[in-house]
Amino acid sequence: MIKFLWYAILVFAALVLQVTLFPAYIADPFKPNFLIIFVVYMGLREGAAWGTLAYALGLVQDSFSGLYLGLNGFSYLIIFLGLTMVADRLFTDRRSLMILGVFSTTIVNGFLNLLLLFLFSAAQGIYAPLLESLIPQALVNALVASVIFTFSPLARIGETR
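- Going by the annotation in an unreviewed UniProt entry, the name recorded for the protein chain is Rod shape-determining protein MreD, with Geobacter benzoatilyticus given as the source organism.

Encoded structure:
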């Protein structure tokens, strides 16, 4: 129960920062995505039962981002399930794994969104901006993840699997 309360507080704070403060002061490809960092943390540290929260975080991001509802929700769920399968085979207490996971997950999320938009959308001209901002977004997320996993209480919340 305490772990769930901590997660709720951290997700709320991350959402407030991501939706209100950062868009006003930081340009678009350099805004960190705290929700994907949290999904990576949950995927590597928690069991598959937390997949519902990963999907809900994607839906919350979709509701604030203005893209299609369910696009990030489905992507976050696929990413979460992939990370839980990988987490069974790795030592997930390392910060370097979290940072590498955030970087690669940001790239995979971008390509999953591109694939889903290609399959289910008729929007033209959306592919180039997504591809251009993929590497800067992944680098910013990795940098923010390194700061978060070094100084935050996420490293000390609960036990690993």
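1. Thoughts on the pattern of salt bridges
Now for step 1: Evaluated as defined, the whole model comprises 2 salt bridges.
Now for step 2: In this structure, Glu-46 engages Lys-3 in a salt bridge whose closest nitrogen and oxygen atoms are separated by 3.3 Å. Here the residue Glu-46 occupies a position in the loop between helix 2 (34-45) and helix 3 (51-65), and Lys-3 occupies one in helix 1 (residues 2-25), the gap between them amounting to 43 residues.
Now for step 3: Residue Glu-46 is classed as buried on the basis of its relative accessible area, which comes to 6%.
Now for step 4: By relative accessible area, which is 24% here, Lys-3 ends up partly exposed.

2. Here we look at the side chain of Gln-61
Now for step 1: In this structure, Gln-61 sits in helix 3.
Now for step 2: Classification of Gln-61 as buried rests on a relative accessible area of 14%.
Now for step 3: A polar contact of 2.3 Å, which involves the side chain of Gln-61, links it to the side chain of Tyr-76.
Now for step 4: Residue contacts for Gln-61: discarding those within four places in its chain leaves Gln-18, Asn-33, Leu-35, Asn-72 and Tyr-76.

3. Examining the confidence of the model for the protein chain
Now for step 1: Chain-level statistics for the protein chain give a pLDDT mean of 87 and a share of 94% at 70 or above.
Now for step 2: The secondary structure element of the protein chain with the lowest average pLDDT is helix 6 (residues 127-132), at 82, and the one with the highest is helix 4 (residues 71-87), at 93.

4. Observations concerning the packing of aromatic side chains
Now for step 1: A full pass over the atoms with the stated rule returns 7 aromatic pairs.
Now for step 2: Centre to centre, the rings of Tyr-7 and Trp-50 are 5.2 Å apart; their planes meet at 80°, and the pair counts as edge-to-face. A residue pair is termed long-range when its members are at least 10 positions apart, and Tyr-7 in helix 1 and Trp-50 in the loop between helix 2 and helix 3 qualify at 43 residues.
Now for step 3: Their ring planes at 25° and their centres at 6.3 Å tell us that Phe-38 and Tyr-41 sit as a pair that is stacked. One end of the pair is Phe-38 and the other is Tyr-41, both in helix 2 and 3 residues apart, which spans about a single turn.
Now for step 4: Judged by its relative accessible area of 5%, Phe-38 is buried.
Now for step 5: A relative accessible area of 1% places Tyr-41 in the buried class.
Now for step 6: A connected cluster of aromatic rings, assembled from ring pairs, spans Phe-4, Tyr-7, Phe-38, Tyr-41, Trp-50 and Phe-149.

5. A closer look at the UniProt feature "transmembrane region" (unreviewed entry) in the protein chain
Now for step 1: The sites that carry the UniProt feature "transmembrane region" (unreviewed entry) are, in the present numbering, residues 6-27, 34-60, 66-87, 99-122 and 134-155.
Now for step 2: Secondary structure content for residues 6-27 is 91% helix and 0% strand, and the end C-alpha separation is 30 Å.
Now for step 3: Here residues 34-60 is 81% helix and 0% strand, with 12 Å between the C-alpha atoms at its ends.

6. Some thoughts on the nonpolar core
Now for step 1: With 31 residues, the main nonpolar core has Phe-34, Ile-37, Phe-38, Val-39, Leu-44, Leu-57 and Phe-149 as its most contacted residues.
Now for step 2: Only helix 1, helix 2, helix 3, helix 4, helix 5 (95-120) and helix 7 (134-151) provide two or more residues apiece to this core.
Now for step 3: Looking at this core, the element that brings in the most residues is helix 2, giving 10 residues.

The rules behind each value
- Residues numbered from 1 in each chain as written.
- Predicted model: local features only at pLDDT ≥ 70, side-chain atom pairs only at ≥ 80, totals over all residues.
- Heavy atoms only, no water.
- Salt bridge = Lys/Arg side-chain N within 4 Å of Asp/Glu carboxyl O.
- Helix = DSSP H or I, 4+ residues; strand = E, 2+ residues; numbered from the N terminus.
- Buried < 20%, exposed > 50% of the residue type's maximum accessible area, 1.4 Å probe, protein only.
- Polar contact = N/O pair within 3.5 Å; in protein donor to acceptor, adjacent residues only side chain to side chain.
- Contact = heavy atoms within 4.5 Å.
- pLDDT = per-residue confidence, 0-100.
- Phe/Tyr/Trp six-rings, centres within 6.5 Å; stacked < 30°, edge-to-face > 60°.
- UniProt positions renumbered as here; feature names shortened; annotations may be inferred.
- Core = buried A, V, L, I, M, F, W, Y, C linked by side-chain atoms within 4.5 Å.

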